[in-house]
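# Inside the fold
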Amino acid sequence: MNSYNENLYATVVSSLRELDQKQKSAKSSLNAAMFTLYYKEAGRITAESKLKEAGDVYLFQQKVKQQAVNDRNVSFNVLSAANQQKKFTAQAITNAATSAANIQVLSNAVVKLSKNVGGILTMLTSSDYGSEIYKQSRIAYDLMIDTAYDAKKLSQLGREVSTLTAAVSADEVADQAKLTDDSIAAMLAVTTSDFEATAKSLADCNEALAAANVVEKQAEGDLEFINVDYFATKRAYNLNNKVLNLNLVSIALNSSDFDDDKKDNCSYVVRFNPYQPPFDQTATMLGNKPKSSSVVEDYFIMLVKESSQATFSITAAETLLLTADPTKKCYHRVENKSDDKPMEQVFYTASLRDIDGNSIEVGTKYVAFVLVMLTDEYKKTINSYSDILSAPSVAFMLSNKLMAPKEVTCVDNVLTFELLERASYNVEYRCMFLPNCLKGNKNMLTESGLRNIEKEVELQEKMSAVYAPAIADLQKQIVSLNNGIDGLREEKETNDAQLAVAKKDKNKENLESLSAKNADLQLQIDAMLKQIEEAEKELRNNKVNQNRLQRSMEEKIQEQPGFFFNLMIAEQITSANYSQVIPTKTVDAKDKKEKGDGATALVKGKMEIHENTTDNFGNPLVNGYSYIPVVLAYANMEDQNGQFTNALSAFETTNPFTYTPKTKTK
């Protein structure tokens, strides 16, 4: 390789490496921003939950206070009535005693009078018996006897009234009313204090929610900004890689499907574009063959550990071709095709070894290189006899992808799921309950919402790059054609006037030439009208497509759970906020015998929700709230770190459930 090629190669590698490092740094910042947003959204969701609880308590305390006010009014009225009764009862006792004494005096006087009348009657009986005065005295005596009896009876009733009046417990009633009123007043003071404290708590919760909203929106903005930076860096890398590095891409295809025809489920694909000569003249110099097929003899794919990519060079690649044992599969030859379509090759772990002759290891990062073997004819043409080695691809890593349940159900506070998994895998199943914030329409940024932002940018770029220029060009074309038609019609009008004069003069020669010119002008007008019709039809189609793209950008479909959540976040949730389920595994004996560790097991999990079960934020489940059950399949293999990819159930499509605590039975 000459110095120019060496410098060019070094510049390309350096440029791509720098962009790759920026991309990794931006990815780390993006992940950190995702975690920050998740916890800020957790703070907002918790604040909203506390506000709702405070609101419920406030309404309850408001009713309690109103009842206490009503009770206080009643107790005050009862106390007033009791005090009035006490006063009137004391007056009644005094009046009754006085009345009883007066009646007794009256009774005594009546008795004394009756005795006197009796004495008179005795005297008349002995001295004037049977006379008229005797008879009158007898009548008066009888009346006095009745009066004396009534007086005695009235005296007895007066004493009874005095006794009964004195027995009325007005003082005790007043004391009890006073005690009750004091208790009700104390209760009113307590309920008023509780109500004021609840009102303050409600106001504090409102302020906390407002503050949480501000912080959460700031985190959203930070994430969106970092996301733009990450994808701009990623796009810059892809553009440079496409132009400078054959668009070389290596991607791990970590499969979770169980295919009996495969020895393993780990595969990867290497894609690259054919090499294009830098100068157009070379194609002419080498004939009419397509550029790539005329200058490239073969391509060779080589895998290098990411840690060794800096030391791998074209010299090492060419030495590998000369010295490596072909049976060890340290490289893979890709035959050059006659077309310029992108080349793609899928490998399994046993299909290709790395440049050191070692098998591809699961959990280890690798990069791909492509060695371009140029034809001798092309080398002579450009006066350079070096082949071309691409810069390394972005690193990839093979891993065994775990299976997540396709369906998770929760009925009567019992979560159930089932799936198929390798029997030899030691998997931990973590059950989480996500608050269904979509129901409350809280308008928080989600994973799908973040992707929609990127989609909007792409669609906007497409509108700006494709439809807007096309519409402008078509509109300009239609205006130009209309102007041309107007000019032709003016010319035709002039020609018609000349034709009329020729007919009048009977100038046969002019008549024929003008008629031919008229026909030609009409043909041109008709052709332009047809072009306008086609242009207008194309313009309508472009506008329809543009409007369709615009509507797709405006349609924002928010998915469950209504806040930012993905596999990476689920993996970092602390053990206090999820429940681990020990599932049952059922392995078919025949399958176990035939496949050994590769046998498939039917995994069934079941979990009962208790009162102390929390959501993914650590908050206890609330009665009447909607939750989404989620199961994370987590590789519990510390000695095989990086060899497995965890899996999360499809929470976006899982049916939510409404939590209702079970009633305790005695």
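Refer to the structure presented above.
All of the points below concern the structure found in this document. Residue positions are counted from 1 within each chain, in the order its sequence is given. Predicted model: local features are reported for residues with pLDDT of at least 70 only, side-chain atom pairs are reported and counted for 80 or more only, and whole-chain, interface and lining totals are derived from all residues. The basis for the side-chain values is all heavy atoms of the structure; hydrogens and waters are excluded.

## Brief notes about the pairing of strand 6 (residues 365-374)
Counting buried residues in strand 6 gives eight out of 10 residues, a clear majority hidden from the surface. By the bridge criterion, nine bridges tie strand 3 (residues 296-305) to strand 6 in an arrangement that is antiparallel. Bridge pairing in strand 6 links Tyr-299 to Val-372. A pair of strands is treated as paired once DSSP finds two or more bridges between them. Where helices and strands are cited, they refer to DSSP runs of H or I of at least four residues and of E of at least two residues respectively, numbered from the N terminus. As paired elements, strand 6 and strand 8 (residues 396-397) share two bridges and run antiparallel to each other. Along strand 8, the bridge assignment pairs Lys-365 with Met-397. Across two bridges, the pairing between strand 6 and strand 7 (residues 388-389) is antiparallel. Each residue of the ladder has a partner; that of Leu-371, found in strand 7, is Leu-389. Only protein chains enter the accessibility calculation, which uses a 1.4 Å probe; a residue whose area is less than 20% of its type maximum is buried, one above 50% is exposed, and one in between is partly exposed.

## A look at the pattern of salt bridges
The salt bridge definition used is simple: a Lys or Arg side-chain nitrogen within 4 Å of an Asp or Glu carboxyl oxygen. Scanning the entire structure with this criterion turns up 17 salt bridges. Put simply, Lys-379 and Asp-387 hold a salt bridge, and the shortest N to O gap is 3.0 Å. In this structure, Lys-379 and Asp-387 share a single accessibility class: buried. Salt bridges sharing common partners tie together Arg-44, Glu-48, Glu-216, Lys-217 and Glu-220.

## Section: a negative patch on the surface
A contiguous patch of negative charge, built from Glu-533, Glu-534, Glu-536 and Glu-538, is present on the exposed surface. Following the sequence through the fold, Glu-536 ends up in helix 9 (residues 508-554). According to the relative accessible area criterion, Glu-536 is partly exposed, its value standing at 34%. To count toward a patch, a residue needs a relative accessible area over 30% and no salt bridge; like charges are then connected within 9 Å, while nonpolar side chains (Val, Leu, Ile, Met, Phe, Trp, Tyr) are connected within 5 Å. Here the Shrake-Rupley method, with its probe set to 1.4 Å, supplies the accessible areas, and only the displayed protein chains count as covering residues. In this count, Lys and Arg are taken as positive residues and Asp and Glu as negative ones, while His and the chain termini are left out. A charged residue contributes its charge at one atom only: NZ of Lys, CZ of Arg, CG of Asp or CD of Glu.

## Focus: the packing of aromatic side chains
Working definition: a ring pair exists when centres of Phe, Tyr or Trp rings (six-membered ring for Trp) sit within 6.5 Å. Plane angles under 30 degrees give stacked, over 60 give edge-to-face, the rest tilted. Enumeration over the complete set of coordinates arrives at 19 aromatic pairs. Seen in terms of ring centroids, Phe-272 and Tyr-299 are 5.1 Å apart; in terms of plane orientation they differ by 55 degrees. Their pairing is tilted. With a gap of 27 residues between them, Phe-272 in strand 2 (residues 266-272) and Tyr-299 in strand 3 connect regions that are remote in the sequence.

## Digging into unusual backbone geometry
Phi is positive for Leu-246, close to 60 degrees, though the residue is something other than glycine. Looking at the secondary structure, you find Leu-246 in the loop between helix 3 (170-244) and strand 1 (249-254). Notably, Asp-412 is not glycine yet its phi reads approximately 55 degrees, a positive angle. Turning to its location among the elements, Asp-412 is positioned in the loop between strand 10 (408-411) and strand 11 (414-422).

## A word on the side chain of Thr-614
With respect to the element layout, Thr-614 can be found in the loop between strand 15 (600-608) and strand 16 (626-635). By relative accessible area, which is 17% here, Thr-614 ends up buried. In this structure Thr-614 touches Phe-433, Ala-576, Asn-577, Asn-619, Pro-620 and Leu-621, once residues within four positions along its chain are discounted. Residues count as neighbours in contact if any of their non-hydrogen atoms are within 4.5 Å of one another.

## Focus: helix 6 (residues 314-323)
Every α-helical turn comprises 3.6 residues, leaving residues that sit three or four positions apart pointing alike. Along helix 6, the residues classified as buried are Ile-314, Ala-317, Leu-320 and Leu-321. Viewed end-on, helix 6 has its buried residues packed into an arc of 120 degrees, placing them on one side of the element. Opposite the buried face of helix 6, by more than 90 degrees, sit the exposed residues Thr-315, Leu-322 and Thr-323. Each element contacted by the buried residues of helix 6 is listed here: strand 3, strand 6 and strand 7. The directions from the helix axis to the C-beta atoms are what the arc is built from.

## Describing the sheet that holds strand 11
Pairing in this open sheet of four strands is antiparallel, and the strands run 10-11-15-14 from one edge to the other. Looking at which strands have only one partner, the edges of the open sheet turn out to be strand 10 and strand 14 (584-587). Here the average twist between neighbouring strands, direction ignored, is 20 degrees. Pairing analysis gives four bridges linking strand 10 to strand 11, with the strands arranged antiparallel. From the neighbouring strand, Cys-410 faces strand 11, where its bridge partner is Leu-415. Note on definitions: angles span 0 to 180 degrees between N-to-C directions of axes, and those axes are lines fitted to C-alpha atoms, for helices only across the stretch in contact.

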